[in-house]
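# Breakdown of the fold
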Amino acid sequence: MSDPAFEEKSSRFLDWFKAWPGATFHPDIQIQDLRQNGRGRGIIALNDIPEDTVLFTIPRPAIISTQTSDLAKRIPDVFAPTVLDDTEGDADDDSGATSDPPDNWVSLILVMIYEYLQGERSHWQRYFDVLPAEFDTLMWWSDKELDWLQASSMVAKIGKDDADSMFRARILPVIETNPDVFYPPGSQRLSEDELILLAHRIGSTIMAYAFDLENDDDEADQEEEDEWMEDREGKVLMGMVPMADILNADAEFNAHVNHEEESLTVTSIRPISAGQEILNYYGPLGNGELLRRYGYTSAHHARYDVVELSWDLVISALKQTLPIDDAIWGKASAELDPEEVEDAFVIDRDLEEPDSRGEFHGSKTLKSLPEDLREQINSILKAVRKLSPATIPDKQRRDEICLSAMRSAFESKLAEYPTGIDDDAKLLSSNTVSGRPGMALFVRYGEKLLLQEAIGLATEKLRDLAASQGNEAQPSAKRLRTK
Ligand SMILES: C[S@@+](CC[C@H](N)C(=O)[O-])C[C@H]1O[C@@H](n2cnc3c(N)ncnc32)[C@H](O)[C@@H]1O
């Protein structure tokens, strides 16, 4: 059933979009209400569309960023790079209060709050009309809803308190010291609580909708600089890109956003049939991360699922596998370089990304155990061997302890989830759990499947190791011949 208010907003937004000089919107696509499928708005092909078709064009002035909003011009001091004298060199303190210019994230939150508060004075009012006011990202879940995630590491990654502190340190002071800039004449000023809530809403919108805006120079930079990502962290220009952010996304997709000098264009990367949704790509994210950042899950993303394993859990597993005096474990741990020791390890399938047509090929199963985990276990086992040589007589035994401990750590992690894989599979297929609990169930099930694969792989490797040991005990035919 169509919702006239929803349709009206979409249609006003489309008219507003097309009025930007240089904007295009292909006649064979349409913004549609996909809320019944839990997908909000999306863009659907009305007719068959060939590969390499420009679906729409977003002129750069239509993008909201520090470059297009008036805000940076109205309070230039806030956005200007600071020149620190020697005494100010370590200006940051624990409260997060700092005189540094805002990073890309804080800048875009300020710009979005400013444009939002301008109401009809903003060029982007029609765009704000179609942005969501409610979110399913983890930040907005109740404790009861989060319980559905069970032992998933996602629960610890939400960072609501950190976001609160950041808003209080970097966003509120700018608004409070420039009320005449942020609030148009005659408008109601917001209380601190209202501002924090607005900052959370805008922050969640940016997390799920904003784009990193590339320049033409970026490709060259990317080739020249090895540490490109690191160098640009917090610095790359972020922007809200109307229309490109109406596209939903999946791990298998059919459209690509190209960043050109004057505009961004969205093109089909393979033929799209009438009735199909135009889909963008958010990257090889597991469902936990997809839920945290974007508030949804997808069967295609399950292949990128991730489980985090703490080093403490691995140490407990090692102690069970090699029951020696605790003091030896303590001394061996102390031998490890604290700078090098990882507190947590990631299990993932390390798969190739989709091809240039947005399609995925190849196997989706776990092929190897985490190499960094193996190295750290081996480092501590080498330290144990120095202290107590008889416990680990040779490399074969060390490999065996390493694999057994890994397997036992995977089992312990699996046991941290209060329900088993079979229980979850049954619940999923019963289709009785929907909404946020349903998405959490899908995330935790995916994590358990990955752990089960990891346990299977460790078992297989232990079997291979035992077989190779057996072979060594009996000289092979080849060895006999060559003697
Ligand atoms: C960039 S917006 C896409 C437009 C959005 N559907 C809307 O109505 O505004 C990203 C948000 O769309 C939703 N979304 C994107 N892809 C989805 C998918 N494959 N399934 C369900 N929801 C999706 C999520 O809520 C996500 O946070």
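## As for the site of the ligand
Lining the immediate environment of the ligand, one finds 18 residues, of which Gly40, Arg41, Ala208, Asn248 and Tyr296 sit closest. If you list the elements that add at least two residues to the shell around the ligand, you get strand S3 (41-45), helix H9 (192-209) and strand S7 (248-249). Here the shell around the ligand is composed, by residue class, of eight nonpolar, six polar and four charged.

## A short note on the domain arrangement of the chain
According to the domain assignment, the chain consists of domain 1 (4-283) and domain 2 (305-482). Contacts between domain 1 and domain 2 engage 17 residues on the former and 17 residues on the latter. Residue classes in the side of domain 1 that touches domain 2 are distributed as nine nonpolar, four polar and four charged.

## Quick notes on the packing of helix H15 (residues 371-387) against helix H16 (residues 395-416)
Packing of H15 against H16 brings their axes to within 10 Å, and their N-to-C directions diverge by 125°. When the axis of H15 is compared with that of H16, the two are oblique. Like other packed secondary-structure pairs, H15 and H16 cross with a definite hand, here right-handed. Along the contact surface, H15 presents Leu373, Arg374, Ile377, Asn378 and Leu381, while H16 presents Arg398, Ile401, Cys402, Ala405 and Met406.

## A short note on helix H7 (residues 160-177)
Helix length check: H7 (18 residues) gives 25 Å between terminal C-alpha atoms against 26 Å at 1.5 Å per residue, within 8%. Considering bend angle alone, the principal kink of H7 is centred on phenylalanine 167 and spans about 40°. Listed in full, the buried residues belonging to H7 are Phe167, Arg170, Ile171, Val174 and Ile175. Taken together, the buried residues of H7 touch helix H3 (76-79), helix H4 (104-118), helix H8 (179-182) and H9.

## Some details on the sheet that holds strand S4 (residues 54-59)
Within the open sheet, the four strands sit side by side as S1-S4-S9-S8. Their pairing is antiparallel. The open sheet has two free edges, formed respectively by strand S1 (24-25) and strand S8 (255-259), since each of these has just one partner strand. Pairing between S1 and S4: two bridges, direction antiparallel. Considered in S4, the bridge of threonine 24 is made with threonine 57.

## Focus: H15
If you check H15, its first and last C-alpha atoms are 25 Å apart, about what 17 residues at 1.5 Å a residue would give, namely 24 Å. Among all positions of H15, only Leu373, Ile377, Ile380, Leu381 and Val384 are buried. For H15, the angular spread of the buried residues around the axis is 100°, confining them to a single face. Of the exposed residues in H15, the ones pointing more than 90 degrees away from its buried face are Glu371, Asp372, Glu375 and Lys386. Lining the buried residues of H15 we find helix H13 (311-321), helix H14 (326-335), strand S12 (344-348) and H16.

## Focus: the nonpolar core
Counting 52 residues, the largest nonpolar core has Ile109, Leu110, Met112 and Ile113 as the members making the most contacts within it. It is H4 that contributes the most residues to this core, nine residues altogether. Once residues within four sequence positions are removed from consideration, isoleucine 109 is found in contact with Ile171, Ala199, Ile202, Gly203 and Ile206. Judged by nonpolar contacts, the second largest core, of 26 residues, contains Trp311, Ile347, Met406 and Leu457.

## Focus on the packing of H4 against H7
Packed helices, taken two at a time, are described by the angle between their axes plus the distance between the axes. One can describe the packing of H4 onto H7 by two numbers: an axis separation of 10 Å at closest approach and a directional angle of 40°. In terms of orientation, H4 and H7 fall into the oblique class. The two elements H4 and H7 meet at a crossing, and its hand is right-handed. Counted together, Val106, Ile109, Leu110 and Ile113 of H4 and Arg170, Ile171, Val174 and Ile175 of H7 form the full contact between these two elements. A breakdown of the residues in the contact of H4 with H7 according to their chemical character gives seven nonpolar, no polar and one charged.

How each quantity is defined
Along each chain, numbering runs from 1 in the same order as the chain's sequence is written. Given that this is a predicted model, residues contribute local features only at a pLDDT of at least 70 and side-chain atom pairs are listed and counted only at 80 or more, while totals for whole chains, interfaces and linings are drawn from all residues. In this entry, near means the residue's backbone-placed C-beta atom lies within 6 Å of the molecule or strand. Secondary structure elements follow DSSP: runs of H or I of four or more residues count as helices, runs of E of two or more count as strands, with numbering from the N terminus. When residue character is reported, Ala, Val, Leu, Ile, Met, Phe, Trp, Tyr, Cys and Pro are called nonpolar, Asp, Glu, Lys and Arg charged, and the others, Gly included, polar. Here the limits of each domain have been adopted from an automatic or database domain assignment. Each residue is represented by a C-beta atom placed from its backbone, and any two residues with such atoms within 7 Å are regarded as in contact. Fitted lines through C-alpha atoms serve as axes, helices being fitted only where they are in contact, and the angles separating the N-to-C directions of these axes extend from 0 to 180 degrees. For classification purposes, angles smaller than 35 degrees are called roughly parallel, those larger than 145 roughly antiparallel, those between 65 and 115 roughly perpendicular, and all remaining angles oblique. Handedness of a crossing is defined here by the sense of rotation of the near helix relative to the far one, left-handed for an anticlockwise turn of less than a right angle and right-handed for a clockwise turn. What a helix should span is 1.5 Å times the count of its residues minus one. Two axes enter the bend calculation: one fitted to the seven residues ending at the residue in question, the other to the seven starting there, and the bend is the angle between them. For every residue, the other C-beta atoms within 10 Å of its own C-beta are counted; 20 or more classify it as buried, 12 or fewer as exposed, and values in between as partly exposed. C-beta atoms are placed from the backbone. Pairs of strands are assigned from DSSP output, requiring at least two bridges between the strands. To obtain the arc, one takes the directions from the helix axis to the C-beta atoms. Here a nonpolar core is just a set of buried residues of the types Ala, Val, Leu, Ile, Met, Phe, Trp, Tyr and Cys, joined wherever their C-beta atoms sit within 7 Å.

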